[in-house]
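# Observations on chain architecture
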Amino acid sequence: MVPAIQPLWSQMQIKFQLGADYKLLADDGQRVPWINIIHQNNARPRAIFTLWQACHKKLATRDRLRRFAILAHSECSFCPYEETHEHLFFECEETKKIWKSVLLWMQVTHEPLSWCDEISWLVSKTKGKGKLVALLRLAIAETIYSVWRHRNDTCFGIRQHIDTIVKGVVIVYVVKDLLGRISSAAGVI
């Protein structure tokens, strides 16, 4: 400690508690309803980050790029409608096919709806700690990431068949499931 400050410090009769002081300084903020989708998600970090950006509606969709005067038009990469978060992830016919295929593979009967309805449905289905809940969280993040990547690839002239995209999600899903089984059988988890 600096010698000039030591006498002042010793005169102070206040006991500092780091945890209590941190809580005073930290902004608690509001808790978002979709925290269960992201919290303890076993998906790849890039998929979780893309999901987090999508939930905050911060991905650079064409409507956002037009608002910032980066693009002149905001037409969807797959259809003639405006590309918004709502449209791109759950309303576009191209991406609905991806969602339906992933859900069908997971044996989940559900028809993709609007962004808000889907987030509410996903929040209700990802409560708890079971294996199916963990794998659904993973599938959500990986599918959002795959849809976003498919959109970007299409923007830059790379077209992929929907089956290839779904296979990519399924491969990550299966590998994570197998790794979970192997590590739990070995007593790692």
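An account of the accompanying structure is given in this report. Everything quoted here is computed from the prediction, not taken from an experiment.

The secondary structure content of the chain amounts to 10 helices and 0 strands. With 189 residues in all, the chain has 40% of them scored as buried. Sequence-distant contacts in the chain: of pairs separated by 6 or more residues, those separated by 24 or more amount to 58%. Approximately 12300 Å² of the chain is accessible, and the part contributed by carbon and sulfur atoms is 58%.

We now examine the environment of Ala47. With respect to the secondary-structure elements, Ala47 resides in helix α4 (residues 45–55). Ala47 sits in the buried class, given a relative accessible area of 0%. Ala47 sits 99 residues away from Ser146 along the chain, and the two C-alpha atoms are 8.1 Å apart. Non-local contacts of Ala47, meaning those with residues more than four positions away in its chain, are made with Ala141, Glu142 and Tyr145.

As a further point, take helix α7 (residues 93–105). A rise of 1.5 Å per residue sets the reference length of α7, with its 13 residues, at 18 Å; its end C-alpha atoms lie 18 Å apart and thus fit the reference within 8%. Every buried residue of α7 is listed here: Glu94, Thr95, Lys96, Ile98, Trp99, Val102 and Leu103. Positive phi shows up at Gln107, right after α7, with a value of about 65 degrees.

Let us now look at the packing of α4 against helix α9 (residues 131–155). As a packed pair, α4 and α9 sit with axes 8 Å apart at the nearest point and diverge in direction by 80 degrees. As judged from the angle between their axes, α4 and α9 are roughly perpendicular. On α9, the residues touching Arg46, Ala47, Ile48, Thr50, Leu51 and Ala54 of α4 are Ile140, Ala141, Glu142, Ile144, Tyr145 and Trp148. Looking at the contact of α4 with α9, its residues break down into 9 nonpolar, 1 polar and 2 charged.

Once that is clear, we can look at the packing of aromatic side chains. Applying the stated rule across the entire model yields 4 aromatic pairs. Relative to Trp115, the ring of Phe89 lies with its centre 5.8 Å away and its plane at 50 degrees, an arrangement referred to as tilted. Taken together, the positions of Phe89 in helix α6 (residues 85–91) and Trp115 in helix α8 (residues 115–125) put the pair 26 residues apart, joining distant regions of the chain. Of the residues examined, Phe89 reaches a relative accessible area of 0% and is grouped as buried. Seen from their ring centres, Phe90 and Trp115 are 5.6 Å apart, and the 50 degrees between their planes marks the pair as tilted. Of this pair, Phe90 sits in helix α6 while Trp115 sits in helix α8, placing them 25 residues apart in sequence. Neither residue differs from the other here; Phe90 and Trp115 are each classed as buried. Linked through ring pairs, Phe89, Phe90, Trp99 and Trp115 together constitute an aromatic cluster.

The next subject is empty space enclosed by the protein. In total, this model carries 1 cavity of 30 Å³ or more according to the counting rule given. Computed from the structure, the largest cavity encloses a volume of approximately 60 Å³. If you trace the largest cavity, you find 13 residues lining it, with Trp99, Leu103, Leu122, Leu136 and Ile140 closest to the centre. Looking at the lining of the largest cavity, the elements that each hand over two or more residues are α7, α8 and α9. Per element, the largest residue contribution to the lining of the largest cavity is 4 residues, and it comes from α9. Here the lining of the largest cavity is built from residues that sort into 10 nonpolar, 2 polar and 1 charged.

Conventions used here
Residues numbered from 1 in each chain as written. Predicted model: local features only at pLDDT ≥ 70, side-chain atom pairs only at ≥ 80, totals over all residues. Heavy atoms only, no water. Helix = DSSP H or I, 4+ residues; strand = E, 2+ residues; numbered from the N terminus. Buried < 20%, exposed > 50% of the residue type's maximum accessible area, 1.4 Å probe, protein only. Contact = heavy atoms within 4.5 Å. Areas by Shrake-Rupley, 256 points an atom, 1.4 Å probe, with all protein chains shown as cover. Expected span 1.5 Å × (residues − 1). Axes fitted to C-alpha atoms, helices over the stretch in contact; angles between N-to-C directions. Parallel < 35°, antiparallel > 145°, perpendicular 65-115°, else oblique. Nonpolar A, V, L, I, M, F, W, Y, C, P; charged D, E, K, R; others polar. Phe/Tyr/Trp six-rings, centres within 6.5 Å; stacked < 30°, edge-to-face > 60°. 1 Å grid on protein atoms, 1.4 Å probe; cavity = no way out; pocket = protein on both sides within 12 Å on 5 of 7 lines; lining within 4 Å. Points joined across faces, edges and corners; volume = space filled by probe spheres on them.

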